[in-house]
Amino acid sequence: MTGIASKMTDAALTPTPNDCELPRIRAQFETFNDAIDYAARSKKGMNFHDMRGQLERVYPYSEMRDDAIEMAYRLIEAGIKPKDRVALIAETGPDFTSLFCACVYAGAWPVPLPLPTTFGGKDSYIDQLAVQLQSSDPTVLIYPREIEQMAGAAAAKQGCAGISWQDFAKEPAPKVDLPKASPDDICYLQYSSGSTRFPTGVAVTHEALLHNLYGHAVSMELGENDRCVSWLPLYHDMGLVGCFLSLVANQFSVDFLKPDAFARRPLAWLDMISRNPGNTCSYSPTFGYDICARRISSQTNVAERFDLSRWRIAGNGADMIRPDVMQNFVNAFSEAGFKASAFTPSYGLAEAVLAVTVMPPGEGIRVELVEEERLSGTPRDITRPARYRAIVNCGKPLPDMQVFISGEDGEERGDHQIGKVWCRGPSVMHSYFRDPDATEDCLVDGWLDTGDMGYMADGYLFIVGRAKDMIIINGKNHWPQDIEWAVEQLPGFNHGDIAAFAVETEGGEEAPAVLVHCRVADPVERVKLREQIADKVRSVTGMSCVIELVPPRTLPRTSSGKLSRAKAKKLYLSGEIVPLDLAA
């Protein structure tokens, strides 16, 4: 039987359809429980693919609901009560999706947590899990058996129960009455990808979740013949909300590729989109598009291998959107039918469930060139040539979402005036779990301080950068991504090879520090490279910087693959990141 199963191909399985006779309801439900119930009446569902993008499991929403209810009985029999937290390792597959929904049916709060990644070793993963378990205080951690040793160690460290979902599925599940959910009940806790040292779990209500799911479905005009393709991890808000919960609430079929499969074979993502029988909606941070554009060979006939003509929504988000990377992707795949107008930039954060603004479909990447003086907050220096940075338009606010740009005096800034970005609406989080001080710091009269800097123009939002990442020297603001992007223009560097932040020099003054992955072995060439980088950074900042060459793969990343400047600074100052010896 195993041999027969292993030979099953796409031809042996029938994927769930794009459309069916059940009318689509765009997330207009009282609770997510109601959304699951309605989706289960359709023929749509999830389709899980193997490492090469071949279909290996079809999972209709009706089957997911049946499994979820049985698991909910099992949770209640195990002593799980409403408002208890249940930590779930978010592996892309039927087990996680049904267990997440089971928690919702049981009135418990699912807490999706990451799988191990290639960024860091076994001990760092156990430590990361342990601090998130300590913060969320779950009754139990449920995980895939393949990581039992690490997950079990993290659970033991925190003192909560731990069990594999394979073993949990063998526990008794007597039928009981399931609790009735209310719109203002907490639905789940979301930890951001950077929540490792000081984790803050975002508490999301059913009402907030469904408002956001409705808002981005309307903003992206989700409708007939649309289908999602995703490789995004399901513990990150973009993957969890945008590519799982939204699909259920908007009755939307999806084809899943596991994140580690994308990491190994990124072009399998585009292969799956090419085989998609409908209009594709697929999302990625900037680095996903960058990897694909770099991976394709100039000798490859992309028109023969791919058909990207039906890619209707190519979502961009979760990190600063880089127009140069997007242009490189268009250059690489336009012959395969990819249209630049498919790019759909957005802006959001877990504290607002997911999306705050979305670009209207078909408008593509639109940028404004902003003078350095506006970004730095200093008067124009007429002795130097004007410098500009391309700022990407992140779209318009979702229905019932307000965006406010605040100056240092708290007054609203006008169009094209940079300030702190605040938002308010039904999607804004309930609170940070068991952290009233952090909640009070960012929620003021219903307004959420996003921590980002940006400006509005004609109803569109433009994001400049993270306020906490800003490097302020002699009263002038420097954005780390400007420094990083400048270094990336030198030959031999990739996106994510550079981290810029402020450090205190021996004289007690602050200066930009730039850590750069170095792949050069010759000490003489390393010295030349450092001088070349220093010249490039000086041309951007107008000052000398601390330039450190570090071994490849040294710079830390978050669990979703984004560069972590804060952690890079911490590791550098503590001596855990050791620069290369240029005198060697």
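Keep in mind it's a predicted model, so treat the numbers as computed, not measured.

(A) The overall build of the protein, seen in detail. Looking only at helices and strands, the protein features 19 helices and 28 strands. Counting all 584 residues of the protein, 56% fall into the buried class. For the protein, contacts bridging at least 24 residues in sequence account for 71% of all contacts bridging at least 6. Carbon and sulfur atoms form 49% of the exposed surface of the protein, whose accessible area is close to 24,500 Å².

(B) Fine view of the sheet that holds strand 3 (residues 85–89). Sheet architecture is open: 4 strands sit in the order 4-3-5-6, paired in parallel fashion. Of all the strands in the sheet, just strand 4 (109–113) and strand 6 (161–164) have a single pairing partner and so form its edges. Averaged over neighbouring strand pairs, the angle between their axes works out to 25° when direction is ignored. As defined by bridge partners, strand 3 adjoins strand 5 (residues 140–143) across 3 bridges and the pair is classed as parallel. Each residue of the ladder has a partner; that of Leu88, found in strand 5, is Ile142. Contacting strand 3, strand 4 and strand 5, helix 4 (residues 94–106) crosses the sheet at an angle of about 170° to strand 3.

(C) Up close: the pairing of strand 28 (residues 546–550). Counted residue by residue, strand 28 has 4 buried out of 5 residues, so it is predominantly covered. Across 5 bridges, strand 27 (residues 510–517) lies against strand 28 in parallel orientation. Bridge assignment links Val516 to a residue of strand 28, and that residue is Leu549.

(D) Spotlight on helix 6 (residues 148–158). Within helix 6, burial applies to Met150, Ala151, Ala154 and Ala155. Taken end-on, helix 6 shows its buried residues confined to a sector of 130°, consistent with a single buried face. With respect to the buried face of helix 6, the exposed residues turned more than 90 degrees away are Gln149, Ala156 and Lys157. Count one or two residues on from helix 6 and you reach Gly159, which has phi positive near 90°.

(E) Spotlight on the side chain of Ser274. Looking at where Ser274 falls in the secondary structure, it is placed in helix 11 (residues 267–275). Judged by relative accessible area, which is 14%, Ser274 ranks as buried. A distance of 2.8 Å separates a polar atom in the side chain of Ser274 from the backbone oxygen of Leu270. For Ser274, the contacting residues outside a window of four places in its chain are Arg305, Phe306, Asp307, Leu308 and Arg310.

(F) Looking closely at the packing of helix 3 (residues 61–77) against helix 4. Axis separation between helix 3 and helix 4 bottoms out at 7 Å; the angle between their running directions is 55°. Taken as axis vectors, helix 3 and helix 4 run oblique relative to one another. The chirality of how helix 3 crosses helix 4 is right-handed. In contact with Met64, Arg65, Asp67, Ala68, Ile69, Met71, Ala72, Leu75 and Ile76 of helix 3, helix 4 contributes Thr97, Ser98, Leu99, Cys101, Ala102, Cys103, Tyr105 and Ala106. Looking at the contact of helix 3 with helix 4 residue by residue, the classes come out as 13 nonpolar, 2 polar and 2 charged.

(G) Main features of unusual backbone geometry. Although it is not a glycine, Asn225 sits at a positive phi angle of roughly 65°. Within the secondary structure layout, Asn225 lies in the loop between helix 8 (206–219) and strand 9 (226–230). Given a relative accessible area of 30%, Asn225 falls into the partly exposed group.

(H) Here's a closer look at the nonpolar core. Among the nonpolar cores identified, the biggest contains 128 residues, and Phe32, Phe244, Trp269, Leu270 and Phe333 are the most heavily contacted of them. Not counting residues up to four positions away in its chain, the partners in contact with Phe32 are Cys101, Val104, Cys187, His206, Leu209, Leu210, Leu245, Val248 and Ala249.

(I) Examining the packing of aromatic side chains more closely. Applying the stated rule across the entire model yields 27 aromatic pairs. When the centroid spacing of 6.1 Å and the interplanar angle of 55° are considered together, the rings of Phe501 and Tyr572 count as tilted. Here Phe501, found in strand 26 (residues 498–504), pairs with Tyr572, found in helix 19 (residues 565–574); they are 71 residues apart in sequence, far enough to count as distant. The rings of Trp231, Phe262, Trp269, Phe287, Tyr289, Phe306, Trp311, Phe329, Phe333, Phe338 and Phe343 are connected pair by pair, giving a single aromatic cluster. Across from the ring centre of Tyr460, 4.9 Å away, lies the NZ or CZ of Arg366, which sits over that ring.

Analysis parameters
Counting from 1, residues in each chain are numbered in the order their sequence is written. Where local features are concerned, this predicted model is filtered to residues with pLDDT of at least 70; where side-chain atom pairs are given and counted, the filter is 80 or more; whole-chain, interface and lining totals use all residues. Here the side-chain values reflect all heavy atoms present in the structure, with hydrogen atoms and water set aside. A helix here means a DSSP run of H or I that spans at least four residues, while a strand means a run of E at least two residues long, and both kinds are numbered starting from the N terminus. Remark: exposure states derive from per-residue accessible area (1.4 Å probe, protein chains only) relative to the maximum for the residue type, with buried under 20%, exposed over 50%, and partly exposed in between. Only heavy atoms enter the contact rule, under which two residues are in contact if any of them lie within 4.5 Å. All accessible-area figures derive from a Shrake-Rupley calculation using a 1.4 Å probe, and residue coverage is judged against the displayed protein chains alone. In this scheme, strands are said to pair when DSSP sees at least two bridges between them. Only the stretch in contact is used when a helix axis is fitted, and all axes are lines through C-alpha atoms; the angle between N-to-C directions ranges over 0 to 180 degrees. It is the directions from the helix axis to the C-beta atoms that the arc portrays. Between N or O atoms, a polar contact is any pair within 3.5 Å; within protein, one atom must be a potential hydrogen donor and the other a potential acceptor, and residues adjacent in sequence are included only when both atoms are from side chains. For classification purposes, angles smaller than 35 degrees are called roughly parallel, those larger than 145 roughly antiparallel, those between 65 and 115 roughly perpendicular, and all remaining angles oblique. Note on convention: the crossing is left-handed when the near helix lies turned anticlockwise from the far helix by less than a right angle, right-handed when the turn is clockwise. Charged means Asp, Glu, Lys or Arg here, nonpolar means Ala, Val, Leu, Ile, Met, Phe, Trp, Tyr, Cys or Pro, and polar covers whatever is left, Gly included. As used in this record, nonpolar core signifies buried Ala, Val, Leu, Ile, Met, Phe, Trp, Tyr and Cys residues forming a set joined through side-chain atoms within 4.5 Å. Two aromatic rings from Phe, Tyr or Trp, using only the six-membered ring of Trp, form a pair when their centres are within 6.5 Å; if the ring planes differ by under 30 degrees the pair is stacked, by over 60 it is edge-to-face, and anything between is tilted. Whether a charge sits over a ring depends on NZ of Lys or CZ of Arg being within 6 Å of the ring centre and within 35 degrees of the ring normal.

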